[in-house]
Amino acid sequence: MEVRTRFAPSPTGFMHLGGVRTALYAYLFARKHGGKFILRIEDTDQERFVEGATEVIYDTLRGCGMDWDEGPDVGGDYGPYVQSDRKHMYLPYAKELVEKGAAYYCFCTKEELDERRAAAEARGEVFKYDKHCLNLSKEEIQAKLDAGTPYVIRLNCPTEGESAYDDEVFGHIAFPNSDLDDMVLIKADSMPTYNFANVIDDHLMGITHVLRGMEYLSSTPKYNLLYKAFGWEIPKYVHLTTVMRDAQHKLSKRDGDAYYSDFISKGYLKEALINYLALVGWNPGDDREFFTMEELIEAFDIKRLNTSPGIFDVTKLTWMNAQYIAKMDFEDYLRMATPWFDQVLAGKGMDYRRLAELMQGRTEVFNRIPDMISFLAEMPEYDLSLYFHKKMKCDETVAKENLTLMLPVIEGIQDWTEQNLHDTVMAAIAESGKKNGAVLWPLRIAISGLANTPGGAFEIMYLLGRDETLRRLHAAMEKLG
RNA sequence: GGCCCCGUGGUCAAGCGGCCUAAGACACCGCCCUUUCACGGCGGUAACCCGGGUUCGAGUCCCGGCGGGGUCACCA
């Protein structure tokens, strides 16, 4: 049988990382087995229509390399793929269940229910619908229906025994039926509840494997009751652990660390993000850590999905991101880095190509670039103690002495290339009998004001240009007294 | 609170009864390389939640406790 998985997000305008990972696993599983990956938009949330929200979903998934075989924009044999376009499909199914005795009309109002719920809570009990309307006679029901009394349709759950199923990752899971609540299938506005629509859609779309968050673990018995009542085949369940921010919190939008777009705009590479995300809750069983999408498809196996929640470690993601950046095509790096360079260097006429060469291996996340290179735009304030460096055998006095020695040498350089800068200065150092470090260290400090810079003295002098370099050197001499 | 799930170093994790005096990666700390930083190389610190069983033998199986998470809507 052909494997069919789906990703069914709500168009909220943002893609949660947990959602991206769920989509990824569903995608990988389908591809791994030569099956189909379906995209279904669950937009029954009537009140909140977000402009462009479905595009966010499309762009994220496609951008990451997850293409779907069926969906709103690509069509398919099981459409429509947008839930709001399927509105009319659900009520008949609910009525079928009523006829089969698996569901029933309920006329209790929301207010009555709230009251009873509050009362139960006051008694310290868990509220469960008491099947009040299940006892209504056929005549009573018909009378109310004829009178146009608002109603909902509820699932008639068993009250004894237990419901069990075998989850593909968690194994055998059993629940006492006495805990099952007669959930609403059709709301008073005749629209289906999320859970009901889900089951109908999954069945109609021929979904064979349901990959979803483990928050559905405890409502799955009710899903199964529905499948059984219809006489439909129950899909395989692959419940996924939660992606956490720390041991007790999920990734949340509040902290700005939950959305795919948060990371992309900070300058994380989607390949790195996907690669890292794949590894939170899953591993290939060997030591491999770097995967292309193709390699993930090849290696993916739901048997290796973990059962305990994983914490999303930004530090490790950042490391992985740096690895990806270092290995990316230089032209791509230059193109991506340019806007970040522009933030502090726009209009300076800086050699971006050379700068990019120096920066590529040092960029962990693109948004850290401006801080790393702002010294090129403007000489930072710095303390004279920076000239002290034990290993370089340097301090203020040495700095002053060696800088005084080098200033005329550098001033005499007209052919301002890195190579020439290097050769001329190194020759002068050799001639002076000084230690390389004792000259180069203070030289770099004098023109950068920083202990750490992306590149050494020659690279920076070149980048700065002759005028600016000399200006900074003179300022340094003055500062050193 | 009821029910369900989970519990190996700070984090991701391997381990599926003996090969574990417990891999690997990130982070951290040293050292080396280097005109700085980074990269790279080498080395180091650091874990089986607790208590009972079962077994010749338990991180690995069972039970209990504790801890964490999830779920208990006419939300999705």
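Residues numbered from 1 in each chain as written. Chains lettered and ligands numbered in written order. Predicted model: local features only at pLDDT ≥ 70, side-chain atom pairs only at ≥ 80, totals over all residues. Heavy atoms only, no water.

*Asks:* Sorry if this is basic, but what is going on with the pattern of salt bridges here?
*Replies:* A side chain with one charge may pair with a side chain of the opposite charge, provided their charged atoms come close. One pass over the structure, following the stated rule, counts 26 salt bridges. The partner of aspartate 67 in a salt bridge is arginine 31, and the shortest N-O contact between them spans 3.5 Å. With aspartate 67 in the loop between helix 2 (53–63) and helix 3 (90–100) and arginine 31 in helix 1 (residues 17–32), the pair connects residues that are 36 residues apart, well separated along the chain. Between arginine 354 and glutamate 418 there is a salt bridge, and its shortest N-O distance comes to 2.6 Å. With arginine 354 in helix 13 (residues 352–360) and glutamate 418 in helix 16 (residues 418–432), this residue pair connects regions lying 64 residues apart in the sequence. The same class applies to arginine 354 as to glutamate 418, namely buried. Connected through shared salt-bridge partners, Arg6, Arg40, Glu42, Arg86, Asp201 and Asp202 make up one network. (Salt bridge = Lys/Arg side-chain N within 4 Å of Asp/Glu carboxyl O. Helix = DSSP H or I, 4+ residues; strand = E, 2+ residues; numbered from the N terminus. Buried < 20%, exposed > 50% of the residue type's maximum accessible area, 1.4 Å probe, protein only.)

*Asks:* What am I meant to see in the layout of surface pockets here?
*Replies:* One way to see where empty space is left: roll a probe the size of a water molecule over the atoms. Reported here for the largest pocket is a volume of approximately 890 Å³. What lines the largest pocket is a set of 32 residues, among which His16, Gly18, Gly19, Glu215 and Tyr216 lie closest to the centre. For the lining of the largest pocket, the secondary-structure elements that each account for two or more residues are strand 1 (4–7), helix 1, helix 6 (194–204) and strand 8 (209–213). Broken down by element, the lining of the largest pocket gets its largest block of residues, four residues, from helix 1. Approximately 460 Å³ is the volume found for the second largest pocket. Lining of the second largest pocket is provided by 22 residues; of these, Lys110, Leu113, Val152, Arg154 and Val184 occupy positions nearest its centre. When contributions to the lining of the second largest pocket are tallied by element, the ones reaching two or more residues are helix 4 (110–122) and strand 4 (152–155). Within the lining of the second largest pocket, the residues separate by chemical class into 12 nonpolar, one polar and nine charged. (1 Å grid on protein atoms, 1.4 Å probe; cavity = no way out; pocket = protein on both sides within 12 Å on 5 of 7 lines; lining within 4 Å. Points joined across faces, edges and corners; volume = space filled by probe spheres on them. Nonpolar A, V, L, I, M, F, W, Y, C, P; charged D, E, K, R; others polar.)

*Asks:* I would appreciate a short explanation of the nonpolar core in the present structure.
*Replies:* Proteins that are soluble and globular tend to have nonpolar side chains buried together. Ranked by size, the top nonpolar core spans 107 residues in total, and within it Met66, Phe312, Leu355 and Leu376 carry the most contacts. Counting residues per element, this core draws most heavily on helix 1, at 10 residues. Setting aside anything within four residues of it in sequence, one finds leucine 376 in contact with Leu345, Met350, Leu355, Ile460, Leu463, Leu464 and Arg472. The next biggest cluster of nonpolar side chains, apart from the first, holds 46 residues, and it includes Tyr81, Tyr90, Tyr151 and Met183. (Core = buried A, V, L, I, M, F, W, Y, C linked by side-chain atoms within 4.5 Å. Contact = heavy atoms within 4.5 Å.)

*Asks:* Any chance you could explain the environment of aspartate 371 here in plain terms?
*Replies:* By the element assignment, aspartate 371 lies in helix 14 (residues 369–377). The spacing of aspartate 371 and glutamine 343 is 28 residues in sequence and 9.9 Å in space, taken between C-alpha atoms.

*Asks:* Looking at this model, I keep getting lost on the packing of aromatic side chains. Mind explaining?
*Replies:* We describe a pair of aromatic rings using the distance from one ring centre to the other and the angle between the two ring planes. This model, assessed by the stated rule, comprises 23 aromatic pairs. Relative to phenylalanine 230, the ring of tyrosine 93 has its centre 5.8 Å away and its plane inclined at 80°; by these criteria the two rings are edge-to-face. Of this pair, tyrosine 93 sits in helix 3 while phenylalanine 230 sits in helix 7 (residues 220–230), and the two are 137 residues apart along the sequence. Look at tyrosine 105 and tyrosine 151: their rings are 4.9 Å apart centre to centre, the planes differ by 80°, and that puts the pair in the edge-to-face class. Taken as a pair, tyrosine 105 in strand 3 (residues 103–106) and tyrosine 151 in the loop between helix 5 (138–146) and strand 4 lie far apart in primary sequence, 46 residues in all. Across the pair, exposure class does not vary: tyrosine 105 and tyrosine 151 are buried alike. For the cation-ring pair, lysine 144 lies above phenylalanine 107, with the distance from its terminal atom to the ring centre recorded as 5.7 Å. The ring of phenylalanine 263 carries the charged tip of lysine 266 above its face, separated from the ring centre by 5.0 Å. (Phe/Tyr/Trp six-rings, centres within 6.5 Å; stacked < 30°, edge-to-face > 60°. Lys NZ or Arg CZ within 6 Å of the ring centre and 35° of its normal.)

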